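This is what each chain is made of:
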Amino acid sequence: GDSVTQMEGPVTLSEEAFLTINCTYTATGYPSLFWYVQYPGEGLQLLLKATKADDKGSNKGFEATYRKETTSFHLEKGSVQVSDSAVYFCALSANQAGTALIFGKGTTLSVSS
Amino acid sequence: GAVVSQHPSRVICKSGTSVKIECRSLDFQATTMFWYRQFPKQSLMLMATSNEGSKATYEQGVEKDKFLINHASLTLSTLTVTSAHPEDSSFYICSAPGGAGQLNYGYTFGSGTRLTVV
């Protein structure tokens, strides 16, 4: 079945460092890909998404490019801030009506000043 | 934009009692609602899928008699944890496909319910 694999955390960075969180997927068909962020004690917020190969999703300085050839959707940010500390989830949708998102295990990011 | 309102956000209940969690789609019709459970520092586990007017579909290993799901209208789905025990303590999140992002398979999440059974 479809699945998402994320790099294990936690990731600990200093403010203004470059961030990469790796995400690869396995899917039949042509899934849509998402990154969600969860701040402590809160629900999930959509960070960015891409619906087809070579699309780049971007938001709040974060970017991810849908790479079909490597089945990847790595999350990047050029300069992280303390406020970016959160758990990041990569997810895919099979693009079939009525199917749920499939999540990776999540990566905890901790940014210190 | 699409909003799913989930409440309560936090609930503490005694062992053996039941707790109801509600999710309402505020500005769109949610014919489907997904219910997830999240253990501390872990990913979201899909528990069940509810469809308006029909029985919910439960994932393998999820007790349907313990986690009662009702989706009586296009804007309301409920999850009732019956005879709760401490091991049911968790973070429960609902999610609906659709709303403003329906055509590109967007999903809208509730803000989650932190259930603590004592």
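Preceding this paragraph is the structure being described.
Residues numbered from 1 in each chain as written. Chains lettered and ligands numbered in written order. Predicted model: local features only at pLDDT ≥ 70, side-chain atom pairs only at ≥ 80, totals over all residues. Heavy atoms only, no water.

**Some thoughts on the overall build of chain B**
Link 1 in the chain: Of the regular secondary structure elements, chain B holds 0 helices and 11 strands.
Link 2 in the chain: Each helix and strand of chain B, ordered N terminal to C terminal, gives the series β-β-β-β-β-β-β-β-β-β-β.
Link 3 in the chain: Its C-alpha atoms give chain B a radius of gyration of 14 Å, within 12% of the compact-globule value 13 Å for 118 residues.
Link 4 in the chain: Along the three orthogonal principal directions, the C-alpha set of chain B runs to about 40 × 30 × 25 Å.
Link 5 in the chain: Here chain B, with 118 residues, has 48% of them falling under the buried criterion.
Link 6 in the chain: Considering only contacts in chain B between residues 6 or more positions apart, those separated by 24 or more positions represent 55%.
Link 7 in the chain: Carbon and sulfur atoms make up 51% of the accessible area of chain B, which amounts to about 5,800 Å² in all.
Link 8 in the chain: In chain B, which carries 10 positive and 8 negative side-chain charges, the distance between the mean positions of the two groups comes to 7 Å. (Helix = DSSP H or I, 4+ residues; strand = E, 2+ residues; numbered from the N terminus. Rg over C-alpha atoms; globule rule 2.2 N^0.38 Å. Buried < 20%, exposed > 50% of the residue type's maximum accessible area, 1.4 Å probe, protein only. Contact = heavy atoms within 4.5 Å. Areas by Shrake-Rupley, 256 points an atom, 1.4 Å probe, with all protein chains shown as cover. Lys, Arg positive; Asp, Glu negative; His and termini not counted. Charge placed at Lys NZ, Arg CZ, Asp CG, Glu CD.)

**Quick word on the nonpolar core**
Link 1 in the chain: Of all hydrophobic cores here, the largest spans 26 residues; its most connected members are Leu19(A), Trp35(A), Leu48(A), Phe73(A), Leu75(A) and Tyr88(A).
Link 2 in the chain: Elements with a contribution of two residues or more to this core: strand E2 (11–14), strand E3 (19–21), strand E4 (23–26), strand E5 (32–38), strand E6 (44–50), strand E8 (62–65), strand E10 (86–93) and strand E12 (107–112) of chain A.
Link 3 in the chain: Here this core gets 4 residues from one element, more than from any other, and that element is E10(A).
Link 4 in the chain: Counting 24 residues, the second-largest nonpolar core is a separate cluster that includes Val19(B), Ala30(B), Tyr92(B) and Cys94(B). (Core = buried A, V, L, I, M, F, W, Y, C linked by side-chain atoms within 4.5 Å.)

**A closer look at the pattern of salt bridges**
Link 1 in the chain: Taken as a whole and assessed by the stated rule, the structure comprises 5 salt bridges over all chains.
Link 2 in the chain: In this structure, the salt-bridge partner of Lys52(A) is Asp55(A), at a minimum N-O distance of 3.2 Å. (Salt bridge = Lys/Arg side-chain N within 4 Å of Asp/Glu carboxyl O.)

**Some remarks on the pairing of E2(A)**
All names here are of chain A.
Link 1 in the chain: Only one face of E2 is covered, namely the face carrying Val 11 and Leu 13; the face carrying Thr 12 and Ser 14 is uncovered.
Link 2 in the chain: By the bridge criterion, 4 bridges tie E2 to E12 in an arrangement that is parallel. In the sheet register, Val 11 faces E12, and the bridge partner there is Leu 109. (Pairing = 2+ DSSP bridges.)

**Observations regarding the state of the cysteines**
Link 1 in the chain: By the definition in use, this model includes 2 disulfides over all chains.
Link 2 in the chain: Two residues, Cys23(A) and Cys90(A), share a disulfide whose sulfurs are 1.9 Å apart. One disulfide, between Cys23(A) and Cys90(A), carries an S-S torsion of -70° and so falls in the left-handed class. With Cys23(A) in strand E4 and Cys90(A) in strand E10, this pair connects stretches of sequence that are 67 residues apart. Neither residue differs from the other here; Cys23(A) and Cys90(A) are each classed as buried.
Link 3 in the chain: Between the sulfur atoms of Cys23(B) and its disulfide mate Cys94(B) the distance is 1.9 Å. Taking the sign of the torsion about the S-S bond as the criterion, the disulfide between Cys23(B) and Cys94(B), at about -95°, is left-handed. Within this pair, whereas Cys23(B) is found in strand E3 (residues 19–25), its partner Cys94(B) is found in strand E9 (residues 90–97), the two being separated by 71 residues in sequence. Like Cys23(B), the residue Cys94(B) is buried in the burial classification. (Disulfide = S-S within 2.5 Å.)

**With respect to the interface of chain B and chain A**
Link 1 in the chain: Of the residues lining the interface, 16 residues belong to chain B; the matching set on chain A comes to 20 residues.
Link 2 in the chain: If you look at where chain B meets chain A, you find 0 salt bridges.
Link 3 in the chain: Between chain B and chain A we count 6 residue pairs in polar contact (both at pLDDT 80 or more) in total.
Link 4 in the chain: For the side of chain B that touches chain A, the secondary-structure elements that each account for two or more residues are strand E4 (32–38), strand E5 (44–51), E9 and strand E10 (107–109) of chain B.
Link 5 in the chain: Taken together, the residues of the side of chain B that touches chain A sort by class into 9 nonpolar, 7 polar and no charged. (Polar contact = N/O pair within 3.5 Å; in protein donor to acceptor, adjacent residues only side chain to side chain. Nonpolar A, V, L, I, M, F, W, Y, C, P; charged D, E, K, R; others polar.)

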